[in-house]
Amino acid sequence: MLRKSLIAGLIAGTALMATTALAADKTSIVYIPKNTGNPYFDSLVQGFVDGCEKAGCTFTTAAPATAEATSQIPFITAQTQRGVNVIAISPNSPDALDQVFDRARAKGTLVFAVNGDITGNTQHRDAAILPVDFTKTGPGQVELVGSMIGYEGEIAILSATTDAPDQNAWIKDMVATLKSNPKYAKMTLVATVYGDDEPQKSTTVAEALLSKYPNLKGIIAPTTVGIAAAAQVVQSAGKAKTVHVTGLGTPNQMRPFIKDGTVSAFQLWSPYNEGLLSAYFAVAVKEGKIKNEPGATLDVPGLGKVTVGPDHVINTQAELTTFNAANIDKFNF
Ligand code: RAM
């Protein structure tokens with residue numbers, strides 16, 4: 001009996017090794033999202049899967065349970081030991097990963113920040129593939145909430161984690177926009193709170209905002225997890241007419257709130273296209289078809305010509321897409 005289970009275990013172990021072994025002839029890529037359980041990253045992964053199928057790479061994905069600053073470190077270390085060619089990662093910290101990135105790169109692994117960059121530490125990665133021109137996000141979100149509240153009154157931000165490099169870059173721009181543009185002079189940012197991209201925590205902090213700020217007119221949640229939670233809280237409290245929720249959301253998660261009028265508009269981009277582009281770019285660089293240098297261009301089927309910008313940043317699309325009742329049914333992700 002014991003012997004039988006031992007043999008079964010050995011066979012299972014062999015099978016596992018066979019599936020994770022790296023094919024020498026193809027570029028191997030791993031994508032490490034911020035955390036598991038967020039449908040936003042499912043679309044991005046699907047883009048990688050389809051991109052790898054077409055461009056010819058092997059692909060795996062693995063993520064930590066939480067988006068805490070250091071949670072991705074063991075995943076990066078394991079992939080470096082495995083000898084993967086390209087680590088694509090949506091970083092949970094702008095600086096906590098510098099050392100493990102350096103170790104991976106010293107072994108010849110390319111490190112691409114995908115979906116968010118390691119702001120201020122970009123010398124520790126090879127390139128960044130972003131979903132959109134990040135300078136458009138902060139001002140775009142402020143204008144959207146402003147248009148909903150008549151450019152007057154108290155607003156709050158419901159973000160992801162305190163370390164999240166992508167959200168923090170956008171929030172910095174939101175604060176600067178509110179301060180510098182006279183159009184927004186009558187809008188006051190009363191609080192920035194963090195739901196850690198966990199649905200339950202995001203719900204709790206959204207509820208706390210409503211009770212602590214009875215005059216609140218708007219919530220910007222620049223996270224797909226946060227905006228869905230905030231919309232649900234405002235809907236349940238029957239406050240959709242007085243507290244306007246907007247931010248960055250996925251059409252599938254936000255559809256019911258758009259349909260019932262809880263949310264009038266929100267923004268995003270195509271996480272799928274971002275994954276697709278990342279796969280094509282990784283293969284092209286690894287196989288020497290293009291140089292990873294500012295000014296280099298690559299034709300990505302379905303997306304057209306993309307250009308490596310200053311500091312090795314590639315934007316998947318230039319402008320954010322705004323979703324509302326008129327167009328939401330055209331999208332399914
Ligand atoms: C969440 C994540 C992700 C961000 C989107 C908008 O899904 O925080 O990093 O890009 O929101």
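Asks: Please explain the overall build of the chain as it appears in this structure.
Replies: Along the chain, the regular secondary structure elements total ten helices and 14 strands. In terms of overall dimensions, the chain is globule-like: its C-alpha atoms have a radius of gyration of 21 Å, near the 20 Å expected for 333 residues. By principal-axis analysis of the C-alpha atoms, the chain measures approximately 65 × 60 × 40 Å. Counting across all 333 residues of the chain, residues that qualify as buried make up 52%. In the chain, the share of contacts with a sequence separation of at least 24, taken over all contacts with a separation of at least 6, comes to 70%. One finds the centroid of the 27 positive side-chain charges in the chain at a distance of 3 Å from the centroid of its 29 negative side-chain charges.

Asks: What is the right way to look at the sheet that holds strand 7 (residues 187-194) in this model?
Replies: Strands in a sheet are paired, the pairing made by backbone hydrogen bonds, and the direction either parallel or antiparallel. Reading across from one edge, 7-6-8-9 is the order of the four strands in this open sheet, with parallel pairing throughout. Strands with a single pairing partner mark the edges of an open sheet, and in this sheet they are strand 7 and strand 9 (244-247). Averaged over all adjacent pairs, the angle separating strand axes in this sheet is 25°, with direction ignored. Across seven bridges, the pairing between strand 6 (residues 153-159) and strand 7 is parallel. Its bridge partner being in strand 7, Gly 153 is matched across the sheet by Met 187.

Asks: What am I meant to see in the packing of helix 7 (residues 199-212) against helix 8 (residues 224-236) here?
Replies: What describes two packed helices is the angle between their axes and the distance between those same axes. Contact pair helix 7 / helix 8: the axes reach a minimum separation of 8 Å and the direction vectors enclose 50°. The orientation of helix 7 relative to helix 8 falls into the category oblique. When you trace helix 7 past helix 8, the crossing you get is right-handed. Within the contact between the two elements, helix 7 uses Pro 199, Ser 202, Thr 203, Ala 206, Glu 207 and Leu 210 and helix 8 uses Val 225, Gly 226, Ala 229, Ala 230, Val 233 and Val 234.

Asks: I'm lost on the pattern of salt bridges in this one. Help?
Replies: Side chains that differ in sign of charge can pair as their charged atoms come close. Applying the stated criterion across every chain yields a total of eleven salt bridges. Asp 311 is the salt-bridge partner of Arg 125, the closest N and O atoms lying 3.8 Å from each other. With a gap of 186 residues between them, Arg 125 in the loop between strand 4 (110-114) and strand 5 (127-132) and Asp 311 in the loop between strand 12 (304-307) and strand 13 (313-317) connect regions that are remote in the sequence. The partly exposed category is assigned to Asp 311, whose relative accessible area is 41%. We note a salt bridge from Asp 329 to Lys 259, for which the minimum N-O separation is 2.4 Å. Placement of the pair is Asp 329 in the segment after strand 14 (321-324) and Lys 259 in helix 9 (residues 251-259), with a sequence separation of 70 residues. By relative accessible area, Asp 329 is classed as exposed at 51%. In this structure Lys 259 comes out as exposed when scored by relative accessible area, which is 52%.

Quick notes on the rules
- Residues numbered from 1 in each chain as written.
- Predicted model: local features only at pLDDT ≥ 70, side-chain atom pairs only at ≥ 80, totals over all residues.
- Heavy atoms only, no water.
- Helix = DSSP H or I, 4+ residues; strand = E, 2+ residues; numbered from the N terminus.
- Rg over C-alpha atoms; globule rule 2.2 N^0.38 Å.
- Buried < 20%, exposed > 50% of the residue type's maximum accessible area, 1.4 Å probe, protein only.
- Contact = heavy atoms within 4.5 Å.
- Lys, Arg positive; Asp, Glu negative; His and termini not counted.
- Charge placed at Lys NZ, Arg CZ, Asp CG, Glu CD.
- Pairing = 2+ DSSP bridges.
- Axes fitted to C-alpha atoms, helices over the stretch in contact; angles between N-to-C directions.
- Parallel < 35°, antiparallel > 145°, perpendicular 65-115°, else oblique.
- Left-handed = near helix turned anticlockwise from the far one by under 90°.
- Salt bridge = Lys/Arg side-chain N within 4 Å of Asp/Glu carboxyl O.

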